Amino acid sequence: MGDHLAQSDVRPENNGAIPALRWEEPPEGPVLVLLDQTRLPHEEVELVCTDVQALVGAIRSLAVRGAPLLGLAGAYGVALAAARGYDVEDAAELLARARPTAVNLEYGVRRAVAAYREAGVERGPAAVLAEAKALHAEDAAASTAMAGHGAGLLGELLPGGGYRILTHCNTGALVSGGEGTALAVVSGLHRAGELRRLWVDETRPLLQGARLTAYEAARAGMPYTLLADTAAGSLFAAGEVDVVLVGADRIAADGATANKVGTYPLAVLARHHGVPFVVVAPVTTVDLATPDGASIEVEQRPGSEVTDLAPSPLGTQAYNPAFDVTPPDLITAIVTENGVVSPVTPEGLASICGK
Ligand SMILES: CSC[C@@H](O)[C@@H](O)C(=O)COP(=O)(O)O
């Protein structure tokens, strides 16, 4: 990001909840302001993107991340290009390719570009911004609806309430225009007094659970406990997990679900221990054009994200996929804003998406 961010563009803020992303129009020209998630929880620092290259850098570095938020970033990125007079089609290509797995990114970009094309060059900037804001509002509404459907599902699966929920990665307000996906369900249950314990996977190697979910859970006053990803097996064996709730980056037409690496082992553990495994995602994460899990492109990240942790001996090679794919038969239910798909079938998914 270096070249695109003047020092004065970095503004620390500590008062209350900071939105993960917002559009601003100072006299110097429109900007997209991001809460830098690489700096959380120790520092709440905002990045001000004045151009698409800066935003692409922020997406790749995970300053802005999580499927629904990537969709918003993509749409606002197109709006930024249009407002600042850059080539909108070129900018859209750059943005859509910034990360490959979360289909929301491409969805947000394509939707914004379609609005631009329809409005024409003169009215395009206003039209594309309006589209990005509409997507933002829809995402917030989807969060609320998913929280309601998720709570209803848990009530059916686990009568009695007082849930001990295991989650992976980060799926809260940091990834959404609203309260998120899986963590939106957890937040609603917490407010209703139904959350006995939130088990938070660290989420190696970039620690989205330890840094971001713990940050959100602490702010909300949830009863939560952090665990190393490798401790999940013994937690299941001890009978301490009632249900697994996770988000998704892309759900194929057959229900196979790509989510943060480490999700698939949780689904295997859940099946072995007879625990429901539930995916919570908006329909914008369902990609009916991708037939199955094998067709999902899984982002491979630099090995240094793994080797630099310890650090490992110089020259060590690392296997570092950002996501893994859980097959549909291991998924108890997929919760969307339009309702719940269970059992997970291609027909059920297509119908919830209105296709
Ligand atoms: C609602 S967020 C769902 C997923 O996007 C989330 O679980 C996840 O895998 C995020 O990965 P990240 O690499 O941090 O962008």
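Quick caveat, the model's predicted, so the values are computed rather than measured.

### Re the overall build of the chain
Here comes step 1: Within the chain, the secondary structure is distributed over ten helices and 15 strands.
Here comes step 2: Relative to its length of 355 residues, the chain is compact, with a C-alpha radius of gyration of 20 Å against a globular reference of 20 Å.
Here comes step 3: Taking the principal axes of its C-alpha atoms as reference, the chain extends roughly 60 × 50 × 40 Å.
Here comes step 4: Looking at the 355 residues of the chain, the share that counts as buried comes to 50%.
Here comes step 5: A fraction of 75% describes how many contacts in the chain between residues 6 or more apart in sequence connect residues 24 or more apart.

### What about the UniProt feature "active site" (unreviewed entry) in the chain?
Here comes step 1: According to UniProt, the positions carrying the feature "active site" (unreviewed entry) are D249.
Here comes step 2: Along the chain, D249 falls in the loop between β8 (243-246) and β9 (250-252).

### Regarding the sheet that holds strand β12 (residues 286-287)
Here comes step 1: Strand order in the open sheet made by the four strands is β12-β9-β10-β13, with mixed pairing throughout. Every other strand in the sheet has two partners, leaving β12 and β13 (323-326) as the edge strands with one partner each.
Here comes step 2: For β9 and strand β10 (residues 257-260), the ladder comprises two bridges, and the chain directions are antiparallel. For I251, the partnering residue across the bridge sits in β10 and is T257.
Here comes step 3: The strands touched by helix α8 (residues 263-273) within the sheet are β10 and β13, with β13 carrying the most contacts at an inclination of about 35 degrees.

### Description of the environment of L94
Here comes step 1: As for its position among the elements, L94 is in helix α3 (residues 88-96).
Here comes step 2: A sequence separation of 134 residues divides L94 from A228, and the C-alpha atoms of the two residues are 35 Å apart.
Here comes step 3: Excluding its chain neighbours within four sequence positions, the residues that come into contact with L94 are V52 and V56.

Rules used in this analysis
Residues numbered from 1 in each chain as written. Predicted model: local features only at pLDDT ≥ 70, side-chain atom pairs only at ≥ 80, totals over all residues. Helix = DSSP H or I, 4+ residues; strand = E, 2+ residues; numbered from the N terminus. Rg over C-alpha atoms; globule rule 2.2 N^0.38 Å. Buried ≥ 20, exposed ≤ 12 C-beta atoms within 10 Å, placed from the backbone. Contact = placed C-beta atoms within 7 Å. UniProt positions renumbered as here; feature names shortened; annotations may be inferred. Pairing = 2+ DSSP bridges. Axes fitted to C-alpha atoms, helices over the stretch in contact; angles between N-to-C directions.

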